[in-house]
Amino acid sequence: MQQAEYRIQQRRAATKNKQWERLLFLYSFLMAFPSVLILGQNASVLVFGAIVLFLLQYSKNSLLGLKKPTQWLVVLFALGSILSVLNIPPEAASNATDRAISVLPNYIYWCILIVVMVAQRRLINWKVVYKAVFWGVMMTVLYYFFFQHILESLPFFNAMTPNAFAFLTICFTPMAVHHLKSQKGRIWATIFFTLLVFALLIDGRRAGMVLVFLSGIGVLYADRINWKRILLAAALIPFAMALFYTKQVEALVFQSSERIHEMIYQSNKIQKEDRSYLTRVAMVKKGLAIFEQYPYNGIGLNNFTNISVDFDKSFEGAKYVVNKADVQRTSAHNSYINVLAEGGLLLFIPLVLLLALNIIHFIRHYNTIQDYLPVYLGLVGMSIHLYFISAIVNVFAWFLIGLACAATSSFRKR
């Protein structure tokens, strides 16, 4: 009788575990392939709701359990976002409050997401996450290059911009490459990684190509750092630089992407004439001007493009961008400046501390966090790219931050 009850309990436990892993796989997959919509919302939101219901029913741990520093930083970020909405300056645009309130639920959702991931970190099966992310990246590449023009007209799919594609690959390539390396070996992983870099080259994603290349190399060949590997890398750098500046390689890069060619071989021209670069400089100037006027709570969430301010226009190349009629309606093109301008120090400081805490942990324990290495490499690449794109408002960025927080909170000294 006892043996029969034991078998029933085992079967129930196995069933619950399978249900959990299916939810975890689907949620991770939809983060790496965020173009699926249900009722106009990213489908991952509904899966997260199912995850919360599952955890409330079956998890032995508290759903939120605020016990880790990363969780408290996220709580401070949530409070900062609320205060930003409650303290919109009276001189702001008439629709400033409505715009801020419309996005506040997203900020709260991101914070709850991270708090739950850290509280339930022991339930995360990292192999399941990496596998799901691999297939999500595969679907993102196929959708972006081959199927988007067919499917984006349907109500179940969302268009993916070139910047979003680059940002996704920066965030998730390390995990995808790690999965393929562990399942099929280094050769297949290298082929996959090379194709991703080439796709970014063809698409003209300059920062994306560089960051994906570096993080992929980190997964494939720098999973551990020692003096032998450092010296080998140092010896190869001059050879690689010499090869890159041969006429044949330069011609190949030019044929693949003129934008990448300009970034590598004409960097001085970019700083003086490239409209994309100069727009980013102008928006940094505007963001700092907003910060000087509203240092603590900012101008309000979702209001960077909803305010006109005077800013420093004396930088080189300003004439190409600052006199455009829509310059004040231009995106910040910089997540840190966007957060600083819209939420002030009360939003900016928790975000920077959250990223810094995880990155410092990654650097300090590089050789002892091998199971989590691709998460941290993705986080570092994402943190760098956030300076060049207003992508912090994407849920998959917060999913990656949540994975890093869960990994940091799971660390045990050996």
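Residues numbered from 1 in each chain as written. Predicted model: local features only at pLDDT ≥ 70, side-chain atom pairs only at ≥ 80, totals over all residues. Heavy atoms only, no water.

J.: It is not clear to me how the packing of aromatic side chains should be interpreted in this structure. Could you clarify?
T.: In this description, a pair of aromatic rings is defined by centroid distance and the angle of the planes. Enumeration according to the criterion identifies 26 aromatic pairs in this entry. Aromatic side chains Phe-362 and Tyr-376 sit 5.5 Å apart centroid to centroid with 15 degrees between the ring planes, which places their arrangement in the stacked category. Of the two residues, Phe-362 sits in helix H14 (residues 335-364) while Tyr-376 sits in helix H15 (residues 373-385), which places them 14 residues apart along the sequence. For Phe-362, a relative accessible area of 7% gives the class buried. Site record: aromatic cluster; members linked through ring pairs are Tyr-27, Phe-48, Tyr-109, Phe-167, Phe-172, Phe-396 and Phe-399. Sitting above the plane of the Phe-304 ring, Lys-286 keeps its charged end 4.7 Å from the centroid. (Phe/Tyr/Trp six-rings, centres within 6.5 Å; stacked < 30°, edge-to-face > 60°. Helix = DSSP H or I, 4+ residues; strand = E, 2+ residues; numbered from the N terminus. Buried < 20%, exposed > 50% of the residue type's maximum accessible area, 1.4 Å probe, protein only. Lys NZ or Arg CZ within 6 Å of the ring centre and 35° of its normal.)

J.: For this particular structure, what's the right way to read the environment of Ser-94?
T.: Within the secondary structure layout, Ser-94 lies in the loop between helix H3 (69-86) and helix H4 (96-119). Relative accessible area serves as the criterion here: at 80%, Ser-94 is assigned to the exposed category. With 212 residues separating them along the chain, Ser-94 and Asn-306 place their C-alpha atoms 9.8 Å apart.

J.: Can you help me understand the side chain of Gln-120 in this one?
T.: Relative to the assigned elements, Gln-120 resides in the loop between H4 and helix H5 (126-151). Looking at Gln-120, the relative accessible area reads 3%, which means it is buried. Once you skip the residues sitting within four places of it in the chain, Gln-120 turns out to touch Leu-55, Ser-59, Asn-61, Ser-62 and Leu-63. (Contact = heavy atoms within 4.5 Å.)

J.: Help me out: how do you make sense of the layout of surface pockets in this one?
T.: Gaps left between atoms show up when a probe the size of a water molecule is rolled over them. Size it by volume and the second largest pocket reaches roughly 960 Å³. Elements supplying a minimum of two residues to the lining of the second largest pocket: strand E2 (41-42), helix H2 (44-58), H4, helix H6 (162-184), H14 and helix H16 (395-410). Of all the elements, H4 adds the most residues to the lining of the second largest pocket, at seven residues. Of the residues contributing to the lining of the second largest pocket, the split by class is 19 nonpolar, 17 polar and two charged. (1 Å grid on protein atoms, 1.4 Å probe; cavity = no way out; pocket = protein on both sides within 12 Å on 5 of 7 lines; lining within 4 Å. Points joined across faces, edges and corners; volume = space filled by probe spheres on them. Nonpolar A, V, L, I, M, F, W, Y, C, P; charged D, E, K, R; others polar.)

J.: What am I meant to see in the packing of H14 against H16 here?
T.: Each pair of packed helices can be described by the angle between their axes along with the distance between the axes. Where H14 meets H16, the closest approach of the two axes is 10 Å, and the angle between their N-to-C directions is 50 degrees. Between H14 and H16, the crossing angle belongs to the class labelled oblique. Of the two possible hands of crossing, H14 and H16 adopt the one that is left-handed. Here Leu-351, Leu-354, Leu-355, Leu-357, Asn-358 and His-361 of H14 lie close against H16, whose contacting residues are Trp-398, Ile-401, Ala-404, Cys-405 and Thr-408. (Axes fitted to C-alpha atoms, helices over the stretch in contact; angles between N-to-C directions. Parallel < 35°, antiparallel > 145°, perpendicular 65-115°, else oblique. Left-handed = near helix turned anticlockwise from the far one by under 90°.)

J.: Explain empty space enclosed by the protein here, please?
T.: Enumeration according to the criterion identifies one cavity of 30 Å³ or more in this entry. Put simply, the largest cavity is a space of about 140 Å³. Forming the walls of the largest cavity are 13 residues, and the residues nearest its centre are Trp-20, Leu-24, Tyr-27, Ile-51 and Met-117. Secondary-structure elements contributing two or more residues to the lining of the largest cavity are helix H1 (2-32), H2, H4 and H16.

J.: Help me understand the packing of helix H8 (residues 206-221) against H15, please; the structure alone is not making it clear to me.
T.: Where H8 contacts H15, the two axes come as close as 10 Å, and the packing angle between them is 160 degrees. As judged from the angle between their axes, H8 and H15 are roughly antiparallel. Pair H8 / H15 crosses with right-handed handedness. Residues Ala-207, Gly-208, Leu-211, Ser-215, Gly-218 and Val-219 of H8 form the contact with H15, whose own contacting residues are Leu-373, Pro-374, Leu-377, Gly-381, Ile-384 and His-385. Looking at the contact of H8 with H15, its residues break down into seven nonpolar, five polar and no charged.

J.: Would you take a moment to explain helix H7 (residues 186-202) for this structure?
T.: Three- or four-residue spacings in an α-helix give side chains the same orientation, since the helix completes a turn every 3.6 residues. Helix length check: H7 (17 residues) gives 24 Å between terminal C-alpha atoms against 24 Å at 1.5 Å per residue, within 8%. Ala-189, Phe-192, Phe-193, Leu-196, Val-197, Ala-199, Leu-200 and Leu-201 are the residues of H7 that are buried. Looking one or two places after H7, you find Gly-204, whose phi comes out positive at around 75 degrees. (Expected span 1.5 Å × (residues − 1).)

J.: Whenever I open this one, the nonpolar core confuses me. Can you help?
T.: Looking at soluble globular proteins, one finds that nonpolar side chains tend to be buried together. Ranked by internal contacts, the top residues of the largest apolar core, which has 129 residues, are Phe-172, Met-382, Trp-398 and Ile-401. With 14 residues, the top contributor of residues to this core is H4. In this structure Ile-401 touches Ile-114, Leu-354, Leu-355, Leu-379, Met-382 and Ile-392, once residues within four positions along its chain are discounted. (Core = buried A, V, L, I, M, F, W, Y, C linked by side-chain atoms within 4.5 Å.)

J.: Before we go on, may I ask you to explain the side chain of Ser-84 in this structure?
T.: If you trace the backbone, Ser-84 turns up in helix H3. For Ser-84, the side chain forms a polar contact with the main-chain nitrogen of Leu-301, separated by 3.3 Å. Setting aside its immediate chain neighbours within four residues, Ser-84 contacts Asn-297, Gly-300, Leu-301, Glu-342 and Gly-343. (Polar contact = N/O pair within 3.5 Å; in protein donor to acceptor, adjacent residues only side chain to side chain.)

J.: I keep staring at the environment of Val-322 and nothing clicks. Help me out?
T.: For Val-322, the location among the structural elements is in the loop between helix H13 (275-293) and H14. For Val-322, a relative accessible area of 9% gives the class buried. Between the alpha carbons of Val-322 and Asp-312 there is a distance of 9.7 Å; along the sequence they are ten residues apart. Ignoring any residue separated from it by four or fewer positions in sequence, one finds Val-322 in contact with Ala-282, Phe-311, Lys-313, Phe-315 and Val-327.

J.: For this particular structure, what's the right way to read the pattern of salt bridges?
T.: A side chain of one charge can pair with a side chain of the opposite charge when the charged atoms of the two come close. Evaluation of the coordinates by the stated rule reveals two salt bridges. Note that Asp-203 is salt-bridged to Arg-205, the shortest N-O span being 3.7 Å. With a relative accessible area of 22%, Asp-203 lands in the partly exposed category. For the salt bridge of Lys-285 with Asp-312, the shortest nitrogen-to-oxygen distance reads 3.7 Å. You can see Lys-285 sitting in helix H13 and its partner Asp-312 sitting in the loop between H13 and H14, a full 27 residues away along the chain. On the accessibility criterion, Lys-285 (26% relative accessible area) is partly exposed. Of the residues examined, Asp-312 reaches a relative accessible area of 37% and is grouped as partly exposed. (Salt bridge = Lys/Arg side-chain N within 4 Å of Asp/Glu carboxyl O.)

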